[in-house]
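Take a look at the letters that make up each chain.
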Amino acid sequence: MVVRAGISTFSALFTHLGQSMDSEIDFLMGPVVKKASDGGNKFIRDEAIEFLNVISMTTSPISLCKSLLDDVLAKNDSIRNIMTDLIANSLQKYSNYIIATRNLVSKLITTLA
């Protein structure tokens, strides 16, 4: 019960504070990914997966990828699948932004070249 409440609290913090919570990702990512891949308690696992989705949508992809690659290197297939989904969600969110600003980016590149 305490673990689930803690995960819910951090989920709310990340939802409301967004990228200002990037510095906390390194501290949280390892334990939360392990809880999300744990087959024991379905309620905690579901809460952890929901929290990881919140992280992937509210933090910068660079911070997310760095934390995942630094802290959560594992041979466990479940953990690797979770990592793949998180990175894909984060990059998908920013791909829309990159596409929307493509003209600006191309102008910057030609100006700087």
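Residues numbered from 1 in each chain as written. Predicted model: local features only at pLDDT ≥ 70, side-chain atom pairs only at ≥ 80, totals over all residues. Heavy atoms only, no water.

## Section: the overall build of the chain
A tally of regular secondary structure across the chain gives 6 helices and 0 strands. Listed N to C, the secondary structure of the chain is α-α-α-α-α-α in terms of helices and strands. Looking at the chain residue by residue over its 113 residues, the buried ones come to 33%. Summarising the internal contacts of the chain: among those between residues at least 6 apart in sequence, 69% fall at separations of at least 24. (Helix = DSSP H or I, 4+ residues; strand = E, 2+ residues; numbered from the N terminus. Buried < 20%, exposed > 50% of the residue type's maximum accessible area, 1.4 Å probe, protein only. Contact = heavy atoms within 4.5 Å.)

## Remarks on helix α2 (residues 25-37)
Here α2 is 13 residues long and its end C-alpha atoms lie 17 Å apart, about the 18 Å a rise of 1.5 Å per residue gives. The set of residues buried in α2 consists of I25, L28, M29, G30, V32, V33, A36 and S37. (Expected span 1.5 Å × (residues − 1).)

## Topic: the pattern of salt bridges
Note on pairing: side chains with opposite charge can pair once their charged atoms come close. The final tally for this structure, using the stated rule, is 2 salt bridges. Between E47 and R4 there is a salt bridge, with its nearest N and O atoms 3.8 Å apart. Separated by 43 residues along the polypeptide, E47 in helix α3 (residues 42-58) and R4 in helix α1 (residues 2-17) bring together distant segments of the chain. K42 is the partner of D46 in a salt bridge, and the nearest nitrogen-oxygen pair spans 2.7 Å. Of this pair, D46 and K42 both sit in helix α3, 4 residues apart, which is roughly one turn of that helix. Residue class for D46 comes out partly exposed when judged on its relative accessible area of 33%. According to the relative accessible area criterion, K42 is partly exposed, its value standing at 47%. (Salt bridge = Lys/Arg side-chain N within 4 Å of Asp/Glu carboxyl O.)

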